[in-house]
Amino acid sequence: DLSVDLGFGKVLPNPLMTASGCAANGAELHRFFDVSELGAFVTKSVMADPRSGRGTPRMAETPSGMLNSIGLQGPGIAAFVDTDLPWLASVGARVLPSIAGSSSTEFAHVAATLRASRAFEAVVGVEVNISCPNVANRGLVFACDPGASAKVIALVREQLPRDVPIFAKLSPDVTDITSIAAACVKAGADGLTMINTLLGMVIDTDLMRPHLGGITGGLSGPAIRPVAVRAIWQVRQAMAEGRIPVVPIIGVGGVRTGRDALELVAAGASAVQVGTATFNDPTAPVRVLHELTDLLVEKGYRRFSDVVGAAHGSP
Ligand code: RRO
């Protein structure tokens, strides 16, 4: 039994999801596999207005991961609810739209517009991206500040029906992720997504200048998997100790194989997103699902929920 309960009766058939930003609105990946096979499809963070993002170059490969300074390129929420969401609904996908804003009011506007969408029934939850590293640090201004994070979460929570869970997406670039997690949950987050990319930089040694147009960028891929495992483990531990109310954690960061996914799950994640790995292998999210399933069978687990947080030992 691979099912995952996100809360409020939103039960997914399996724990695999795309990671925000790596598969846009789903149409590209749908050429490689049926996106409704995934537990949920997470879309690129959408803001109020259309945006072209930062200038190029805005991607850089490193031996252990990828840096991006995309800067929230996107169609804007009106086009998203008009075109992208209805398309995902039409192919039977369960959708976890990711929303962003440069102010708490913008977040609230995006959430309210989403709610009014004719395809809203395909939405199984909303990911609130308070941790984009690439918008003049506004994103990290939210993610590093418990008060600012809580304000956004509370406002978004008010805009959406009670039975649609909201997930706060956290940044690894904070000194104490448990205090941000606690602030978000207390403000009304029904779950947490951990982690967004890690701030990094690549220098072009021919030009002797930072390579990315945005100067710094977000590092993703295998390099950040141990950071994700650590963050998930710390927050899950804080929940076990009663310092944070217990809510589901969605794990994301450097997952390429079923065994990588299992690491995040054992740390405490109830669902796993696959992002950067899809650039090399567009079928990665479903492949990871099958590899994880085989691994659980091999290890004798009958229910996926039994392995969530297993690395913490018996309660
Ligand atoms: O668009 C981006 O530059 C971006 C976003 Br919104 C994010 O949340 N994380 C990231 O690495 N890049």
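Residues numbered from 1 in each chain as written. Predicted model: local features only at pLDDT ≥ 70, side-chain atom pairs only at ≥ 80, totals over all residues. Heavy atoms only, no water.

Undergrad: For this particular structure, what's the right way to read unusual backbone geometry?
TA: Excluding glycine, most residues fall at negative phi; most peptide bonds, likewise, are trans. With omega at -5°, the peptide bond leading from Thr-56 into Pro-57 counts as cis. As for its placement among the helices and strands, Pro-57 is situated in the loop between β4 (41–42) and β5 (59–62). Residue Ile-195 is reached from Met-194 by a cis peptide bond, and omega for that bond is 15°. Mapped onto the elements of the fold, Ile-195 is located in the loop between β11 (191–194) and β12 (198–200). Of note in the backbone geometry, Ala-24 takes a positive phi value of approximately 45° without being a glycine. Judged by its relative accessible area of 36%, Ala-24 falls in the partly exposed class. Although it is not a glycine, Ile-215 sits at a positive phi angle of roughly 65°. The residue Ile-215 is located in the loop between β14 (209–210) and β15 (217–220) in this model. We classify Ile-215 as partly exposed; its relative accessible area is 44%. (Helix = DSSP H or I, 4+ residues; strand = E, 2+ residues; numbered from the N terminus. Buried < 20%, exposed > 50% of the residue type's maximum accessible area, 1.4 Å probe, protein only.)

Undergrad: Quick question: what am I supposed to make of the site of the ligand here?
TA: By nearness alone, every residue bordering the ligand is listed as Lys-44, Asn-68, Ile-70, Gly-71, Leu-72, Asn-129, Cys-132, Pro-133, Asn-134, Asn-196 and Thr-197. Between the ligand and Asn-129, the relevant distance is 2.8 Å, taken from an oxygen atom to a side-chain nitrogen or oxygen of the residue. Within the side chain of Asn-196, a nitrogen or oxygen atom sits 2.8 Å from an oxygen atom of the ligand. Against a free-state accessible area of 310 Å², the protein chains account for coverage of 93% of the ligand. (Near = heavy atom within 4 Å. Polar contact = N/O pair within 3.5 Å; in protein donor to acceptor, adjacent residues only side chain to side chain. Areas by Shrake-Rupley, 256 points an atom, 1.4 Å probe, with all protein chains shown as cover.)

Undergrad: Help me understand the sheet that holds β11, please; the structure alone is not making it clear to me.
TA: Two strands in a sheet stick together by hydrogen bonds in their backbones, pointing the same way (parallel) or opposite ways (antiparallel). Taken in spatial order, the 7 strands of this open sheet run β3-β17-β16-β11-β10-β9-β8, and their pairing is parallel. Because the sheet does not close on itself, it has two edges, and the strands there are β3 (16–18) and β8 (98–99). (Pairing = 2+ DSSP bridges.)

Undergrad: What's the story with the sheet that holds strand β6 (residues 65–68) in this structure? I'm lost.
TA: The antiparallel open sheet is built from 4 strands, whose spatial order is β5-β6-β15-β12. The sheet terminates laterally at β5 and β12, the two strands that pair on one side only. Averaged over neighbouring strand pairs, the angle between their axes works out to 35° when direction is ignored. (Axes fitted to C-alpha atoms, helices over the stretch in contact; angles between N-to-C directions.)

Undergrad: I'm lost on the side chain of Asp-260 in this one. Help?
TA: Locating Asp-260 in the fold gives a position in helix α8 (residues 258–267). Of the polar contacts made by the side chain of Asp-260, one reaches the side chain of Arg-225; its length is 3.4 Å. When residues no more than four places from it in sequence are discounted, the contact partners of Asp-260 are Arg-225, Gly-254 and Val-255. (Contact = heavy atoms within 4.5 Å.)

Remember that the coordinates give geometry; whether it matters functionally is a separate question.
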